[in-house]
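Okay, here's what each chain looks like letter by letter:
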Amino acid sequence: MSTRDTGHGHWPEGYARVVLDSVDSTMAEAVRRAPLLERPTWIMARTQTAARGRRGRSWVTPQGNLNATLIFKPSATPAEAARRSFLAANALFAALAIYVPSEKLALKWPNDVLLAGGKVAGILLECSGQGPFVDYLSIGVGVNLTHTPQGVTDASFAPTSLRAAGGWDVTPLDFLATLADAYATQEDKLAHFGFQRIRQDWLGNAARLGEVITARTGREDVTGLFDTIDEDGNLVLITGTGPRAISAADVFF
């Protein structure tokens, strides 16, 4: 069963919203709906039965937390589409900062939001297309609003929730409206100012910028000073052998 809901918070113009009681995953539902898309669409599910995170990891989704995917057709190459993870991170930071003091929040490369040192939100991007431009892009977002997932053993940072960190209570529908509005603002910034503005905003809230961190790529561990992210969104570490640009890794502090 699904319903279209328009009564929760300010909803950005030009975006659709679909609310589902239950689904295997909002990412899978986004793929099923992609051929019929008429405009960017947020898909939210109150419960998911087969949610997943980056690299196929399981994502625990207790009812009361936000499980949502934005699917749309950007005029973008795969590399440009991948940089949307930074737009989503900036939007999540702005949305969460309404319900908890912003000084408790930080953005962890490549796609997590930390709250008081614990992981409160994660982002998953998937795109499809064989040509120079993607056919569609799905941005999956999971936010621990009221419940802290238990039994998570493969996380580099222990999970937390908005409620556990002393934030205001907010329903998933209300938070989705806040997030969707914040994301639309990020798209406007990208269109008017380019990725450089998105990058600057992200770096302004980055966790451990200027400190020594470790990036685990799957082939090696690279330890160095977190210097910046480059124009492609790569993590740049200053190591003993010089700067290293890393495109994909898990980061440890």
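Scoring rules and cut-offs
- Residues numbered from 1 in each chain as written.
- Predicted model: local features only at pLDDT ≥ 70, side-chain atom pairs only at ≥ 80, totals over all residues.
- Heavy atoms only, no water.
- Axes fitted to C-alpha atoms, helices over the stretch in contact; angles between N-to-C directions.
- Helix = DSSP H or I, 4+ residues; strand = E, 2+ residues; numbered from the N terminus.
- Parallel < 35°, antiparallel > 145°, perpendicular 65-115°, else oblique.
- Left-handed = near helix turned anticlockwise from the far one by under 90°.
- Contact = heavy atoms within 4.5 Å.
- Nonpolar A, V, L, I, M, F, W, Y, C, P; charged D, E, K, R; others polar.
- Pairing = 2+ DSSP bridges.

**Student:** I keep staring at the packing of helix 3 (residues 84-96) against helix 4 (residues 172-193) and nothing clicks. Help me out?
**Tutor:** Each pair of packed helices gets described by two things: the angle between the helix axes and the distance between those axes. One can describe the packing of helix 3 onto helix 4 by two numbers: an axis separation of 8 Å at closest approach and a directional angle of 135 degrees. It follows from the interaxial angle that helix 3 and helix 4 lie oblique. In this structure, helix 3 meets helix 4 at a crossing whose hand is right-handed. Within the contact between the two elements, helix 3 uses R84, L87, A88, N90, A91, L92, A94, A95 and L96 and helix 4 uses F175, T178, L179, A182, Y183, Q186, E187 and L190. Looking at the contact of helix 3 with helix 4, its residues break down into twelve nonpolar, three polar and two charged.

**Student:** Help me out: how do you make sense of the sheet that holds strand 10 (residues 221-229) in this one?
**Tutor:** What holds strands together in a sheet is hydrogen bonding between their backbones, with the strands either parallel or antiparallel. Within the open sheet, the five strands sit side by side as 12-11-10-9-13. Their pairing is antiparallel. The sheet is open, and its two edges are formed by strand 12 (242-246) and strand 13 (250-252), each paired on a single side. Geometrically, the sheet is characterised by an average inter-axis angle of 45 degrees between neighbouring strands, direction not taken into account. Where strand 10 and strand 11 (residues 235-239) come together, four bridges link them in antiparallel fashion. Opposite T228, over in strand 11, you have V236 as the bridge partner.

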